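Residues per chain, in single letters:
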Amino acid sequence: MKVRIAIAPMFALLVLSGAASAQDTQPAAETQPAATEVRKDTLLIERVQEENKAAMPTRGQTMAQVEARYGAPTDKLDPRGGQKRQWPTINRWVYPAFTVYFEKSRVIDVVANKADAQEIGPKPPVK
């Protein structure tokens, strides 16, 4: 019990001294970059959040609906899976802006492709 009583004030003192030293090490406001500066690099997820969601297929659409709305894909990748009944076949269609993943004939996911080589995001699909 006596050990706990001695530790509590010491811990509080340590916390307060750490907070005070952190305030002393803050750089002056003049040296911090302006909030209006534009960053050159963009994460893929940031670009996707800004884009219109109507520009991509939605979950549950059929292959025919996707092809009717967005046209023929630039590439139809080889199907994956299907070795067992519990592993459904996954088809992948690549469009210039996104890749569509189908389970059987329904959309299960849509992934935005990189806009350029400098953008940080997923690797292209494996063929």
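We now turn to the structure provided with this report. Since the structure is predicted, the reported quantities are computational estimates derived from the model, not experimental observations.

This part covers the nonpolar core. Within the largest apolar cluster, 11 residues are counted, these being Met56, Met63, Val66, Trp93, Tyr95, Phe98, Val100, Phe102, Val107, Val110 and Ala112. Put simply, the parts of the chain that give this core at least two residues each are helix H3 (63–70), strand S3 (98–103) and strand S4 (106–112).

Below, the discussion takes up the sheet that holds strand S2 (residues 90–94). Here four strands make up an open sheet; going across it, the order is S1-S2-S3-S4 and the pairing antiparallel. Because the sheet does not close on itself, it has two edges, and the strands there are strand S1 (75–80) and S4. Here the average twist between neighbouring strands, direction ignored, is 20°. Here four bridges tie S1 to S2, and the two strands are oriented antiparallel to one another. Residue pairing for S2: aspartate 75 is matched across the bridge by valine 94. Across the sheet, H3 is in contact with S1, S2, S3 and S4; its angle to S2 comes to roughly 0°.

Procedures and definitions
Residues numbered from 1 in each chain as written. Predicted model: local features only at pLDDT ≥ 70, side-chain atom pairs only at ≥ 80, totals over all residues. Heavy atoms only, no water. Core = buried A, V, L, I, M, F, W, Y, C linked by side-chain atoms within 4.5 Å. Buried < 20%, exposed > 50% of the residue type's maximum accessible area, 1.4 Å probe, protein only. Helix = DSSP H or I, 4+ residues; strand = E, 2+ residues; numbered from the N terminus. Pairing = 2+ DSSP bridges. Axes fitted to C-alpha atoms, helices over the stretch in contact; angles between N-to-C directions. Contact = heavy atoms within 4.5 Å.

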